[in-house]
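In case you want the letters, here they are:
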Amino acid sequence: MNLDQLSINTIRVLSSEAIEKANSGHPGLPLGAAPMAYTLWAKNMKHNPQNPEWTNRDRFILSAGHGSMLIYSLLHLFGYGLTMEDIRKFRQIDSKTPGHPEYMHTVGVETTTGPLGQGIANGVGMAMAEAHLSAYFNKPGCDIVDHYTYVLAGDGCMMEGISHEAVSLAGTLGLGKLIVLYDSNSITIEGNTDLAFTEDVAKRFEACGWEIYEVEDGNDIVKIEETIEAAKKNHLKPTLIVIKTEIGYGCPAKQGKNSAHGSPLGVDNIKEMKKFLGWKEKEEFTVPDDVKKHMNEMAKRGETEENKWNEKWEKYQKSYPELAEEFKNWYQNQLPMDYLDSKEFWSFDKGMATRAASGEIINRLAERIPNLIGGSADLAPSNKTNINSESDFSASNYLGRNIHFGVREHAMASILNGMALHGGLKVFGGTFFVFSDYMKPSMRLSALMNLPVTYVLTHDSIGVGEDGPTHQPIEQLAMLRSIPNLTVFRPSGPKETAAGWYVALNKKDGPTALVLTRQKLPIFNNTGKEALKGAYILTEEKNETPDIILMASGSEVELIYEASKVLKEKGIKAKVISMPSWELFEEQSKEYKELILPKDITKRIAVESGSSLGWHKYVGLDGDIISIDHFGASGPGELLFERFGFTVNNIVDKALNILNN
């Protein structure tokens, strides 16, 4: 048995043994896809296990994340620091080998996958980042950004809608350094894919502008290597390589059957598999010595590749010192803090919709943050996400900083994740707030991976008006607030919008959702940086104990501010709290929280034109909430606010009722 085949069988055996020990996992994919994965890592892919963060490495994404033991076996064998003990602890608490690959948890894992199709969209984002960075930094003879993104995807990934969205955009953009290896084994959990999936995937990709190759035998590593090399030569189109495999290959009792997908093979079946593969090792979790030596040689190739790049980088720094410094700054997430802390950044001369304020801020920032890049899901004129001084990102112009994602909200969020994962860019994307429903799975993964992605979500309430309940967010604020590690920021005016962007830019360990109005809002004089704490006192009677606390976010802050004036005329002292971000408020000290919401002031009202869910924490048993826990209606926004009780008079009446009971 030659070394290539022995290495492939080592992947198969290690994967099966780890799954058997855990009594949990998916052996079918590692067994069937081991040849293509090994060939890619050993012969086609540029990577250095000694420096997994090398900026010019090729990226590998296992979109079919359920087959996680495949990547763990590769990481162990290629010397990424994943030990045999880690392999033994597959799917156990606190292990480095969780059930699905997790970014920042296991060295060498480029993105968190599991929800199928996400990896394909992440790959599109990584390829877009590579295209933009190479267009910006590369010079003749000095291609310091020059790498490929490889995605291994299965039938399930191809069924998921997100892959359709992402594949379509990738073809439109001509992302020639994106290569998808399609593990086409025609099996899902329920049985043969013919049960629900009879389309010609290759023709679909071809229709979307992809180059197509097919490998009829998934065990033919010579053909796989040649096909990948051929794909790398076409920089005008992304490539799909359809590789016909047999799920569970090597296990006679399970091979080609859906039972191989998501259950351990069983001790007896593993014995039969080892016999079929000609496996000689008697002890479990053993890597043959010849394979160890072979893998060490493979790893040295990666070191050689990086050394070549380092030589090129040294020349680049001498020839283009300013660009070299900029390159380092981009990857280190350097920000113009002098500007962000300046009066200019926080200044607005008139009231406006917070979406308009955000648009102004984006354009101010774009002048000072050259790696700020983003766009909208076909709503830039409404979201105000266009960078006016910049061109469009397209197949003919990767230098453009305005990305047209098309009507593809789910893919947009996942693509932004891929761009953030790649490194070197500050990314944002916009749509109407109600369509965060389409984005939620990818936004959740942004939070899970601690990615600093900024989501610009406009038309934030029933103020959308005539478009009616399909476009009026009700439960979306509660939904986003429920996602761990996502900072939700709903500003009350232009200065708070600046605060929201300040938070988003400075947050390096998670995403931020800016929830913005269509309707015009005022400027409050004593607001600005105070909003960075998530909640602050907008107005109160000095040196006097308030009778009631009024709190709100976004456009409803103006209502409680005006209501406090009416209450004052009636001899009632109201403390007005603007609360743009619950998450930021919860990060503050106990002392600050007590200052904002004193425990002994139990008469409270919260006002927000969305679901009441969650506000009870802040109003308590003696408080009240003016919210909307039903769908809206079609009509002028100002009339809808009146119909549903978002008026100064209603707030005053509620306050009087609380105080009199």
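The rules behind these values
- Residues numbered from 1 in each chain as written.
- Predicted model: local features only at pLDDT ≥ 70, side-chain atom pairs only at ≥ 80, totals over all residues.
- Heavy atoms only, no water.
- 1 Å grid on protein atoms, 1.4 Å probe; cavity = no way out; pocket = protein on both sides within 12 Å on 5 of 7 lines; lining within 4 Å.
- Points joined across faces, edges and corners; volume = space filled by probe spheres on them.
- Helix = DSSP H or I, 4+ residues; strand = E, 2+ residues; numbered from the N terminus.
- UniProt positions renumbered as here; feature names shortened; annotations may be inferred.
- Pairing = 2+ DSSP bridges.
- Axes fitted to C-alpha atoms, helices over the stretch in contact; angles between N-to-C directions.
- Contact = heavy atoms within 4.5 Å.
- Expected span 1.5 Å × (residues − 1).
- Buried < 20%, exposed > 50% of the residue type's maximum accessible area, 1.4 Å probe, protein only.
- Arc of directions from axis to C-beta.
- Domains from an automatic or database assignment.
- Buried area = accessible area lost by both parts, 1.4 Å probe.
- Salt bridge = Lys/Arg side-chain N within 4 Å of Asp/Glu carboxyl O.
- Polar contact = N/O pair within 3.5 Å; in protein donor to acceptor, adjacent residues only side chain to side chain.
- Core = buried A, V, L, I, M, F, W, Y, C linked by side-chain atoms within 4.5 Å.

S.K.: Give me the lowdown on the layout of surface pockets, citing residues and values where you can.
M.R.: Counted as a void, the largest pocket has a volume near 660 Å³. Lining the largest pocket are 35 residues, and of these Glu53, Arg57, Tyr103, Leu421 and His422 sit closest to its centre. If you list the elements that add at least two residues to the lining of the largest pocket, you get β1 (59–62), α12 (321–331), α17 (409–422) and β11 (426–432). The greatest single-element share of the lining of the largest pocket, amounting to three residues, is contributed by α17.

S.K.: Please provide a residue-by-residue account of the UniProt feature "site: Important for catalytic activity" (unreviewed entry) in the chain, values included.
M.R.: UniProt feature "site: Important for catalytic activity" (unreviewed entry): in the numbering of this structure it lies at His26 and His261. The largest pairwise C-alpha distance within this set of annotated residues, which runs over 236 residues, is 5.4 Å, so the set is compact in three dimensions. Put simply, the named residues that line the second largest pocket are His26 and His261. Relative to the assigned elements, His26 resides in the loop between α1 (3–22) and α2 (28–44).

S.K.: Account for the sheet that holds strand β16 (residues 536–539), with residues named and values stated.
M.R.: Read from one edge of the open sheet, five strands run β16-β18-β17-β19-β20, paired in mixed fashion. The outermost strands of the open sheet, each flanked by one partner alone, are β16 and β20 (624–626). Taken pair by pair, the neighbouring strands of this sheet meet at an average axis angle of 25 degrees, ignoring direction. For strand β19 (residues 604–607) and β20, the ladder comprises three bridges, and the chain directions are parallel. Along β20, the bridge assignment pairs Ala606 with Ile625. The sheet strands contacting helix α21 (residues 556–569) are β16, β17 (548–552), β18 (574–578) and β19, and the helix crosses β17 at an angle near 160 degrees.

S.K.: Tell me about the UniProt feature "binding site: Mg(2+)" (unreviewed entry) in the chain, and name the residues and values.
M.R.: As annotated by UniProt and renumbered to match this structure, "binding site: Mg(2+)" (unreviewed entry) occupies Asp155, Asn185 and Ile187. The annotated residues occupy 33 residues of the chain but converge on a single region, no pair of C-alpha atoms lying more than 7.5 Å apart. In the annotated set above, the residues contributing to the lining of the second largest pocket are Asp155, Asn185 and Ile187. Position of Asp155 relative to the elements: it lies in helix α6 (residues 155–159). Setting aside chain neighbours within four positions, we find Asp155 in contact with Tyr182, Asp183, Ser184, Asn185, Ser186, Ile187, Thr193 and Phe197. Mapping Asn185 onto the fold places it in the loop between β3 (178–184) and β4 (187–188). Contacts of Asn185, omitting those with residues within four sequence positions, involve Asp155, Thr245 and Ile247.

S.K.: Got a sec to walk through helix α26 (residues 648–659)? Specific residues and values, please.
M.R.: The first and last C-alpha atoms of α26 sit 17 Å apart over 12 residues, in line with the 16 Å expected at 1.5 Å per residue. Three or more residues of α26 are buried, namely Ile651, Val652, Ala655 and Ile658. Looking down the long axis of α26, one finds its buried residues gathered within 125 degrees of arc, a one-sided arrangement. The elements touched by buried residues of α26 are β17, α21, β19 and β20.

S.K.: Break down the pairing of β3 for me, citing the residues and quoting the values.
M.R.: Here β3 lies mainly inside the structure; seven of its seven residues are buried. Burial of the side chains of β3 extends over both faces: Leu178, Val180, Tyr182 and Ser184 are buried on one face and Ile179, Leu181 and Asp183 on the other. Where strand β2 (residues 149–154) and β3 come together, six bridges link them in parallel fashion. Among the inter-strand pairings, Ala153 is bridged to a residue of β3, identified as Tyr182. As judged from the six bridges shared by β3 and strand β7 (residues 239–244), these two strands associate in the parallel manner. Paired with Ser184 across the two strands is Lys244, which belongs to β7.

S.K.: Give a detailed account of the domain arrangement of the chain, specifying residues and quantitative values.
M.R.: Along its sequence, the chain is carved into domain 1 (3–303), domain 2 (337–515) and domain 3 (533–660). Using C-alpha coordinates to define each centre, domain 1 is positioned 32 Å away from domain 2. Taken together, the contacts link 31 residues of domain 1 with 33 residues of domain 2. Together, the buried faces of domain 1 and domain 2 total about 2600 Å²; carbon and sulfur atoms form 67% of this surface. Looking only at domain 1, the three residues that lose the most surface to domain 2 are Met128, His132 and Glu165, adding up to 22% of its buried area. Our count for the domain 1 to domain 2 interface comes out at zero salt bridges. Between domain 1 and domain 2 we count 12 residue pairs in polar contact (both at pLDDT 80 or more) in total.

S.K.: Describe in detail the nonpolar core, supporting the description with residues and values.
M.R.: Counting 136 residues, the largest nonpolar core has Trp41, Met158, Leu175 and Leu480 as the members making the most contacts within it. The residue makeup of this core includes at least three contributed by each of domain 1 (3–303) and domain 2 (337–515). Counting 73 residues, the second-largest nonpolar core is a separate cluster that includes Leu335, Ala552, Val576 and Ile596.

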